Amino acid sequence: MSIRWRKRAGIALALLAGAAIPYVAPPVYVNLASEILIFGLLAMSIDLLLGYTGLVPLGHAAIFGVAAYVVAYLNARMGLSHTVAIPAGILGALIVSGVFGLLAVRTAGLYFMLITLAEGMLVWGLAYRWTSVTGSENGIGGITRPEFLILPWQFYYAVLVLFAVCAWMLHRIAHSPFGLTLRGIRDNEARMPMLGYNVTLHKFLAFLISGGFAGIAGAAYALYNRFVSPATVEFARSAEGVLMVILGGSGTLIGALLGSGLILLTRNVISLYTDRWLIVMGTLFVLVILFMPDGLLRGLERGVHRLRVAVSHLRFLGSLLRPIRSPTTAKEPAGEVPVPTRHETP
Amino acid sequence: MLEIEDLHSYYGLSHILQGISMVVPPGRVIALLGRNGMGKTTLVRSIMGLRPPEIRQGRIRYNGHDLVGRPPHEISRLGISLIPQGRRVFPSLTVEENLRIAWRPPRDGQREAWTVERVYELFPRLAERRSQRAKTLSGGEQQMLAIGRALMGNPDLLLLDEPSEGLAPLLVQLLRDQLLALKGTGLAMLLVEQNVGLAMALADEVYLLEKGMIVYHGTPSDLQSRPELMGRYLGLSK
């Protein structure tokens, strides 16, 4: 019970800290925080496949990008309202991930990675070549935001709420019987049919759910950036999403947010000071992999645990330094050796 | 009831099972004995619908359903559970998750349904380890978990592929007692084994498999009275 309450307290604290950002940070950083949350959501959708199902998708930025492109096209080109454009964008991502999923889920391991990579490249190629719709490398600009989401802090709070709701939903999915099935597939795919599970169907559903959340992130990104281009759907974005999950800790969901924060903060902050920010970022990655091979989240948890152990050791050493008190000495008859008592920390 | 009729299974060009016919009646324990490489696991895989092997001829019927050509998950849902060779528990799931993931409702109300609690009653050791990851269990405990997981599917027929493999003699004895207890619940079993002692203690009928063919079918006591068969097909000498 106490662990559950500690977790709840942690979540409340994190939400409070998130809500405080617009009060303490300049608008540039409030925008950066929105971006971290949006890509954190994309990375979480990847984690459902990578951490829970054992499939590494290398084309998720394409699904994310399809939602962004649909929103951009309907909103900026056709002038439709957000209440149409945003659901249509998410629907578009679902359709694309349905088609991609059908092709990809019959495979696993390296083959799954290669097929999703190819699917991502397909979308990228379309973004580049289908000029009449996508505007090629000029992209689609002029995306509007609803009137109540124009200022950085307004948009940030909307994204924060969106992220929290999606994170809660993904958490519920991952810890449902369906999520247990996914972890079973990750552990031993060959065993699952013998327990009566249609593995291909479960992998497809996981892909679809993951694609849906990637689409939500993509729709939010279109409104955030107000501009969509082939760079939104390129392979580097997909790889970056996978990197965020691995850095933050796969199979943890919320670790993806840490990974997103680490990558986007280093890129945006360190590049202010040096052109060689890629070297700094690479060094950081190597350090994380060396010292926290299972990701930032678990690494930090271990760090906190070690700190606690160290503190309790220090307190024990401290208790040794205190003079030995034996409150009974005075009452002992002379000549008898008092037994020293020592109070150790529990 | 499982009926296999003139089954021919191939691995590529190799003709592994060359016309197997056997019957597992409801509630009975049938042992299939044979040395390495005689096709025991191939038979289990053929029943379960796993590929390879490829079934080119013959019939497998279970309670009126034709099994040949069905995918494994459908065969499992008909009420057949497999305890695979080498146990194959889910390593990073906890003991309890390993059991929960396998739960299926019983198809009829004839026997008491298996639940996590009932598996813990059968294997108290698993209850002690319920929140431990399965990869941290000992070999004997993993075998208990593999059996418990198979039971959670509430099967009518249990296929056991060399359950005694890699277990210490004391644990094989324990396994025998547990399987006898399961037999008492009226569960039918097809026990594929190399451990003759275990098979003899449990089985109502014995088949001997030699190079993909059934060379003997009889009762355990009859087989025991014919040492020449045991010597020729199982490499045992009295």
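Before reading on, note that the structure itself is shown above.
These notes cover the structure that comes with them. Since the model is a prediction, treat every value here as computed from it, not as a measurement.

**Observations regarding unusual backbone geometry**
A negative phi angle is the norm for most residues apart from glycine, just as the trans form is the norm for most peptide bonds.
Next up, step 1: A cis amide bond links B:Arg51 with the next residue in sequence, B:Pro52, at an omega value of -15°.
Next up, step 2: Mapping B:Pro52 onto the fold places it in the loop between α1 (40-48) and β4 (54-62).
Next up, step 3: Cis geometry is adopted by the peptide bond preceding B:Pro53, which originates at B:Pro52 and carries an omega value of 5°.
Next up, step 4: One non-glycine residue, A:Ser136, lies in positive phi territory at about 50°.

**Some words on the environment of B:Tyr62**
Residues and elements named next belong to chain B.
Next up, step 1: Its place among the elements puts Tyr62 in strand β4.
Next up, step 2: Distance from Tyr62 to Ile47, taken between C-alpha atoms, is 9.5 Å for residues 15 residues apart in sequence.
Next up, step 3: Excluding its chain neighbours within four sequence positions, the residues that come into contact with Tyr62 are Leu2, Leu67, Leu78 and Ile80.

**Comments concerning the sheet that holds strand β1 (residues 2-11) of chain B**
Next up, step 1: Strand order across the open sheet formed by 4 strands is β2-β1-β4-β5 (chain B), with antiparallel pairing between neighbours. The open sheet is flanked by β2 (14-24) and β5 (65-66) of chain B, the only strands paired with a single partner.

**Remarks on the sheet that holds strand β6 (residues 80-83) of chain B**
Residue and element names in this part refer to chain B.
Next up, step 1: In space, the 6 strands of this open sheet follow the order β6-β7-β8-β3-β9-β10, with mixed pairing throughout. In this open sheet, the two strands that pair with only one neighbour each are β6 and β10 (213-218). In this sheet, adjacent strand axes meet at a mean angle of 20° when their direction is disregarded.
Next up, step 2: Sheet analysis places strand β3 (residues 29-33) next to strand β9 (residues 205-210), joined by 4 bridges and oriented parallel. Looking across to β9, one finds that Leu33 is bridged to Leu208.

Thresholds, definitions, all that
- Sequence order as written defines the numbering, with residues in each chain counted from 1.
- In the order they appear in the text, chains get letters beginning with A and ligands get numbers beginning with 1.
- Given that the model is predicted, a residue must reach a pLDDT of at least 70 before its local features are reported, and side-chain atom pairs must reach 80 or more before they are shown or counted; all residues, however, enter totals for whole chains, interfaces and linings.
- Strands here mean DSSP runs of E at least two residues long; helices mean DSSP runs of H or I at least four residues long; both are numbered from the N terminus.
- Residue pairs are scored as contacts if the distance between their C-beta atoms, which are placed from the backbone, is within 7 Å.
- Pairing between two strands is assigned when DSSP locates at least 2 bridges connecting them.
- Geometry is summarised by axes, namely lines fitted to C-alpha atoms with helices restricted to the contacting stretch, and by angles between N-to-C directions that run from 0 to 180 degrees.

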